[in-house]
Structure formats: C-alpha cells, structure tokens
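# An overview of the molecular structure
The residues making up each chain are set out below.
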Amino acid sequence: DQIPVIQHHYTPPNSVWRFFDSPAFWREQIKRLWLEKQRLACFCASRSEAKTLRRWLQALRPNAKVLAIHGESEDDEIATLGNVNESWAAYDAVLFTTSAGGGVSFDIEGHFDRVCVWGLNAPTSLMASEYTQGAARIRHPKNREVLAYIPSKDGTPKSIEELRSGLRDKEKRTLEALRSVGEESVISG
C-alpha cells in the first residue's frame with residue numbers, strides 16, 4: 001500500500017545567462033567557440049533549428065562529431081538517450097530539443113565547454129522551466145555561462161526592458177524564471 005517516491009536532489013550551480021539581441025551575433029559567438037574547438041551542448045526550442053545548427057556546425061568543422069536529438073531523429077540517435085554519459089561523450093557537439101526530456105542528465109564534468117540555448121518565438125514557445133531544464137541537462141560544463149537567444153514576439157529586442165514589454169504573459173514568466181537562475185545581461189551585436 002506504499003507508493004514509491006523518487007526524489008531528485010540535484011541543484012545546478014549558479015549559471016550566468018547571457019541574452020543576445022541578435023540571432024546573427026549569437027551565431028557569431030557560437031561559430032567563434034566552435035572554431036576554437038570547444039565542445040558545445042545546445043538546447044534548441046525548435047526541431048528545425050537543431051537540424052540547421054547541425055548542418056552549419058558540420059560545414060564549419062567537417063571532421064567534428066555532431067549529434068542532434070529531436071522529434072525526427074533516427075533510431076540510433078534517439079538510442080543515445082539511454083546512456084548519455086557514455087554516448088554523448090563521443091561527440092564534439094550535442095544539439096537537443098525537449099525530446100531529451102526528464103531523466104536525461106549528462107554528468108561528465110568538463111566534457112562540454114559551453115551550453116547554449118536557442119529560443120523560439122511562436123504560439124507553442126516553451127516555458128522558462130523548459131529552457132532552464134534544457135540547459136541544466138549538461139550538469140558540469142567547463143564554463144557556467146549560458147549563451148541564449150530567445151526572441152520576443154515583436155522581433156529582436158534591444159534591451160531587457162524592450163524584451164519585457166514585448167512579451168506575451170507566457171514569455172514574461174519565461175524571462176522572470178530565467179532571471180532567477182542567475183545573473184542577466186544583454187549582449188548587442
């Protein structure tokens with residue numbers, strides 16, 4: 001008659017979220033890091049963006065191993081979710097959507113240099129908890145700075161104030177929750 005309860009006690013260390021006001025500038029920073037041969041983990045709110053980023057990263061470094069996990073991934077790619085510590089350690093970049101959901105935690109300290117987030121402006125955009133949980137799937141990156149581009153419905157914001165004023169209620173909750181994760185700043189390109 002007892003119900004088993006599984007408690008999860010992991011609390012991610014404080015991270016610093018850097019919001020980019022331009023997708024081009026965000027991509028420039030990712031490109032620079034990638035060409036420096038840093039290993040990247042990127043949570044993408046969109047399957048199409050995960051696919052696009054994969055093609056782009058592979059074109060920049062053809063010999064690098066890049067994995068993309070999304071709703072249209074091949075069976076062997078989805079199978080990597082069974083033991084991410086073993087399987088993802090073989091990759092230079094892992095791009096993933098909410099398809100890498102609950103229970104997915106990459107715990108190898110320092111394998112990935114950076115975590116990045118690509119947001120989405122659509123009626124089905126994600127909640128703040130999904131962005132923060134996505135970024136936290138990589139437990140111990142070398143650098144705690146999360147590079148994020150999350151546009152508002154009115155286009156690319158020029159400041160946090162403009163972002164706040166242009167967001168729908170759901171997006172406002174997303175921004176507030178992201179702000180509670182750590183330090184906030186906007187980087188202009």
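Procedures and definitions
Residues numbered from 1 in each chain as written. Predicted model: local features only at pLDDT ≥ 70, side-chain atom pairs only at ≥ 80, totals over all residues. Heavy atoms only, no water. Axes fitted to C-alpha atoms, helices over the stretch in contact; angles between N-to-C directions. Helix = DSSP H or I, 4+ residues; strand = E, 2+ residues; numbered from the N terminus. Parallel < 35°, antiparallel > 145°, perpendicular 65-115°, else oblique. Left-handed = near helix turned anticlockwise from the far one by under 90°. Contact = heavy atoms within 4.5 Å. Nonpolar A, V, L, I, M, F, W, Y, C, P; charged D, E, K, R; others polar. Core = buried A, V, L, I, M, F, W, Y, C linked by side-chain atoms within 4.5 Å. Buried < 20%, exposed > 50% of the residue type's maximum accessible area, 1.4 Å probe, protein only.

It is the contact of helix H1 (residues 23-35) with helix H2 (residues 47-60), at a shortest axis distance of 11 Å, that shows an interaxial angle of 45°. With respect to their mutual orientation, H1 and H2 come out oblique. Crossing of H1 against H2: the hand is right-handed. Facing H1, whose interface residues are Trp-26, Arg-27, Ile-30, Lys-31, Trp-34 and Leu-35, H2 presents Glu-49, Thr-52, Leu-53, Trp-56, Leu-57 and Leu-60. Here the residues of the contact of H1 with H2 are counted per class, giving eight nonpolar, one polar and three charged.

By size, the foremost hydrophobic cluster in this structure holds 25 residues, and its most contacted members are Trp-17, Trp-88, Val-94, Phe-96, Val-117, Tyr-131 and Ile-138. The set of elements that each furnish at least two residues to this core consists of strand E1 (16-20), strand E2 (40-44), strand E3 (66-69), strand E4 (93-96), strand E5 (114-118), helix H5 (128-136) and strand E6 (145-149). Setting aside residues no more than four positions away along its own chain, Val-117 makes contact with Trp-17, Trp-26, Cys-42, Phe-43, Tyr-131, Ala-135, Val-146, Leu-147, Ala-148, Tyr-149 and Ile-150. One finds Phe-20, Trp-34, Leu-57 and Trp-118 within the second-largest nonpolar core, a separate group that totals 21 residues.

A few words on unusual backbone geometry. Positive phi, close to 65°, is recorded for Lys-37, a residue that is not glycine. In this structure, Lys-37 sits in the loop between H1 and E2. Lys-37 gets classed as exposed once you look at its relative accessible area, which sits at 60%.

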